[in-house]
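Remarks on the overall topology
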Amino acid sequence: MAPDFSSPDEPLSVGFVLLQRFTILPFSAFVDCLRLSADDGDRSQQIRCRWQFMSSGGQDVVSSSGATITGCGPLTAPERFDYIVVIGGVLGAAEEEDQQALDYLRLAAQCDVPLVGVCTGVFSLIKAGLMDGRRCCISWYHHADLVQRYPDIEPVADQLFLDDGNRLTCAGGVASADLAAYLVERHLGRLWAKKSLHIMLIDEPRPGQHPQPQPVVFSRVSDPLVRRAISIFEQHLGEVVTIERLAKRLHTSRRNIERHFREQFGVGPQKFARDLRLHYGCWMLNYTKHSITDIGERCGFADTAHFSRHFREVFGIPPSEVRRLSEDQRARLVDPFFLHVGQTSRALEIATPAQR
């Protein structure tokens, strides 16, 4: 049977809300998937898909890389779109709250238009009060930012995107193409989604549950179950995740998790998770001004003595000594991503107070 490349009765219509200093890769990946699904070739004809760029006031928008998107229109009646996608910007002290955009998102929700938060766009959905009681997908890189700002929101940082009915959230980056392909397939069919991705040199659309690539540690981890477990540990660096809770999340047994961790690292998941939280504490001692008591609490330890005792076991020195080390010693002690699988400070030959 020949593939069905007929036109749908109604095109897929998407409105993009671009915030100042928005991240350009997730935006371009998303819109290019729509563009390549819109016609038979690569002529950008808005036949099967339509899209519109919008900003508060209809002004041009400068991306985080400095490139400017022109041709933006004002915020348009939300019921004209099947989806409204908000592309977030760089987080930081200087970030500005776009109250007009937040009001528009609230209006869209009242009109029952599905909202899509891409990259830090999910922060805008939260600010607008539209994510209460919902989980949201976020990049592993921004997981800590979200937890710190919105402790009542449940972040998910171990998959590419999350479909929660009329709220869809995406980690960003090239995963935006996967989410766009998911929507194209839903409205136009799988052939059109695959056609877009193949032109973009992407083999296959990845499902939302596909795991996010993770930093540093995963180059040393081949076991898929262990990788997923570590993703969950990383999402909860400020608390103790019981193995029972982990097993339930991974749909497996405690015994199976224990076996996989011991085969991969020679230690059980509880010790691995504790060491991971200690490395997070070491990173904070080097790169923040938080007190040792505060850092211990943020790493999920009961009190300062508990944190200090375990810290010394792993690093050979108490946390109070870390900030007194030379710059070279501290550089060897801490990993930028706080992950040192299979290594200890003794292996790195960090000098103890007695040796100095």
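Parameters and conventions
- Residues numbered from 1 in each chain as written.
- Predicted model: local features only at pLDDT ≥ 70, side-chain atom pairs only at ≥ 80, totals over all residues.
- Heavy atoms only, no water.
- Helix = DSSP H or I, 4+ residues; strand = E, 2+ residues; numbered from the N terminus.
- Buried < 20%, exposed > 50% of the residue type's maximum accessible area, 1.4 Å probe, protein only.
- Contact = heavy atoms within 4.5 Å.
- Areas by Shrake-Rupley, 256 points an atom, 1.4 Å probe, with all protein chains shown as cover.
- Core = buried A, V, L, I, M, F, W, Y, C linked by side-chain atoms within 4.5 Å.
- Phe/Tyr/Trp six-rings, centres within 6.5 Å; stacked < 30°, edge-to-face > 60°.
- Lys NZ or Arg CZ within 6 Å of the ring centre and 35° of its normal.
- Axes fitted to C-alpha atoms, helices over the stretch in contact; angles between N-to-C directions.
- Parallel < 35°, antiparallel > 145°, perpendicular 65-115°, else oblique.
- Pairing = 2+ DSSP bridges.

Overview of the overall build of the protein
On a plain count of helices and strands, the protein comes out with 14 helices and 10 strands. In the protein, buried positions account for 51% of the 356 residues. Long-range pairs, those at least 24 residues apart, make up 64% of the contacts in the protein with a sequence separation of at least 6. Surface exposure of the protein reaches about 17,000 Å², of which carbon and sulfur atoms provide 50%.

Let's talk about the nonpolar core
A general feature of soluble globular proteins is that nonpolar side chains tend to end up buried together. Phe16, Leu18, Phe27, Phe30, Leu34 and Phe53 are the most contacted members of the largest nonpolar core, which totals 39 residues. Secondary-structure elements contributing two or more residues to this core are strand 1 (12-18), helix 1 (24-37), strand 2 (49-54), strand 5 (83-87), strand 6 (115-118), strand 10 (167-170), helix 5 (175-188) and helix 6 (190-199). The biggest single contributor to this core is helix 5, with 8 residues. Excluding its chain neighbours within four sequence positions, the residues that come into contact with leucine 18 are Phe27, Phe53, Met54, Ser55, Val61, Ile69, Cys72 and Ile87. Counting residues in hydrophobic clusters, the runner-up holds 33 residues, among them Val226, Ile230, Phe233 and Val322.

Quick word on the packing of aromatic side chains
Scanning all chains against the criterion turns up 12 aromatic pairs. Between phenylalanine 161 and tyrosine 182, the ring centres sit 5.2 Å apart and the planes meet at 50°, which makes this aromatic pair tilted. Here phenylalanine 161, found in strand 9 (residues 161-163), pairs with tyrosine 182, found in helix 5; they are 21 residues apart in sequence, far enough to count as distant. Take phenylalanine 161: its relative accessible area is 3%, and that puts it in the buried class. Of the residues examined, tyrosine 182 reaches a relative accessible area of 29% and is grouped as partly exposed. Ring geometry for phenylalanine 301 versus phenylalanine 307: centroids 5.5 Å apart, planes at 55°, classification tilted. For the pair phenylalanine 301 and phenylalanine 307, a shared accessibility class is recorded, and that class is buried. Joined through ring pairs, the aromatic side chains of Phe16, Phe22, Phe27, Phe30 and Phe53 make up one cluster. One Lys or Arg, arginine 277, reaches over the ring of phenylalanine 301 and ends 4.6 Å from the middle of that ring.

Concerning the packing of helix 7 (residues 224-235) against helix 9 (residues 254-265)
When two helices pack together, their arrangement is captured by the angle between the axes and the distance separating the axes. Viewed as axis vectors pointing N to C, helix 7 and helix 9 meet at an angle of 100°, and their least axial separation amounts to 10 Å. In terms of their interaxial angle, helix 7 and helix 9 are classed as roughly perpendicular. Across the interface between the two elements, Leu225, Val226, Ala229, Ile230 and Phe233 of helix 7 pack against Asn256, Ile257, His260, Phe261, Gln264 and Phe265 of helix 9.

Quick notes on the side chain of serine 13
Structurally, the position occupied by serine 13 is in strand 1. Accessibility expressed as a relative area gives 13% for serine 13, which makes it buried. Setting aside its immediate chain neighbours within four residues, serine 13 contacts Arg50, Arg80, Phe81, Asp82 and Tyr83.

A word on the sheet that holds strand 6
Strand order in this open sheet of 6 strands is 2-1-5-6-10-9, and the pairing throughout is mixed. Each edge of the open sheet carries a strand with a single partner, namely strand 2 and strand 9. Pairs of neighbouring strands in the sheet enclose a mean axial angle of 15°, with direction left out of account. As paired strands, strand 1 and strand 5 are joined by 5 bridges and run parallel to one another. Following the sheet pairing, glycine 15 is matched in strand 5 by isoleucine 84. Strands strand 1, strand 2, strand 5, strand 6 and strand 10 of the sheet are contacted by helix 2 (residues 99-110), whose axis makes an angle of about 155° with strand 5.

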